[in-house]
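# Commentary on secondary and tertiary structure
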Amino acid sequence: MIEINEIVHELESLPNEYFQEILDFVGYLKNKRLKNIPEIMLFSENSLSKEWNTPEEDAAWANL
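For the protein, the count of helices and strands is three helices and zero strands. Listed N to C, the secondary structure of the protein is α-α-α in terms of helices and strands. The C-alpha atoms of the protein give a radius of gyration of 22 Å, which is well past the 11 Å a tight globule of 64 residues would have. Projecting the C-alpha coordinates of the protein onto the three principal axes gives extents of approximately 65 × 20 × 20 Å. Burial analysis of the protein (64 residues in total) assigns 2% to the buried set. With the model as given, the accessible surface of the protein reaches about 6500 Å², and the carbon-plus-sulfur share is 60%. Here the protein holds 5 positive side-chain charges and 13 negative ones, and the gap between their average locations is 5 Å.

Right, here's the structure in full:
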């Protein structure tokens, strides 16, 4: 597994002119992960609905 210190060391060895590109890439990675979260939730919805959509579950949550 890569340690944060390895990444910092590599960043420190780069010229400043690369920093904007690196920051853009980090933003891209973060947005890519966030965009995948709803898709993953949709994939699990079908399998979880078998457990959630039952009379027993309805009764358990009726008072909330």
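Still more ground to cover, so stick around.
Turning our attention to the environment of Leu 29. With respect to the helices and strands, the residue Leu 29 is situated in helix α2 (residues 19-52). Each C-alpha atom, one on Leu 29 and one on Phe 43, is 21 Å from the other, the two residues being 14 residues apart in sequence.

Considering the arrangement of structural elements, one finds Ile 7 in helix α1 (residues 4-12). It is 52 Å that separates the C-alpha atoms of Ile 7 and Ala 59, two residues lying 52 residues apart in sequence.

As for its placement among the helices and strands, Thr 54 is situated in the loop between α2 and α3 (55-61). Of the polar contacts made by the side chain of Thr 54, one reaches the backbone nitrogen of Glu 57; its length is 3.1 Å.

Quick look at the confidence of the model for the protein now. Scored by pLDDT, the protein comes out at a mean of 85, with 94% of its residues at no less than 70. Averaged over each element, pLDDT in the protein is lowest for α2 (81) and highest for α1 (94).

Reading the values: rules and limits
Residues numbered from 1 in each chain as written. Predicted model: local features only at pLDDT ≥ 70, side-chain atom pairs only at ≥ 80, totals over all residues. Heavy atoms only, no water. Helix = DSSP H or I, 4+ residues; strand = E, 2+ residues; numbered from the N terminus. Rg over C-alpha atoms; globule rule 2.2 N^0.38 Å. Buried < 20%, exposed > 50% of the residue type's maximum accessible area, 1.4 Å probe, protein only. Areas by Shrake-Rupley, 256 points an atom, 1.4 Å probe, with all protein chains shown as cover. Lys, Arg positive; Asp, Glu negative; His and termini not counted. Charge placed at Lys NZ, Arg CZ, Asp CG, Glu CD. Polar contact = N/O pair within 3.5 Å; in protein donor to acceptor, adjacent residues only side chain to side chain. pLDDT = per-residue confidence, 0-100.

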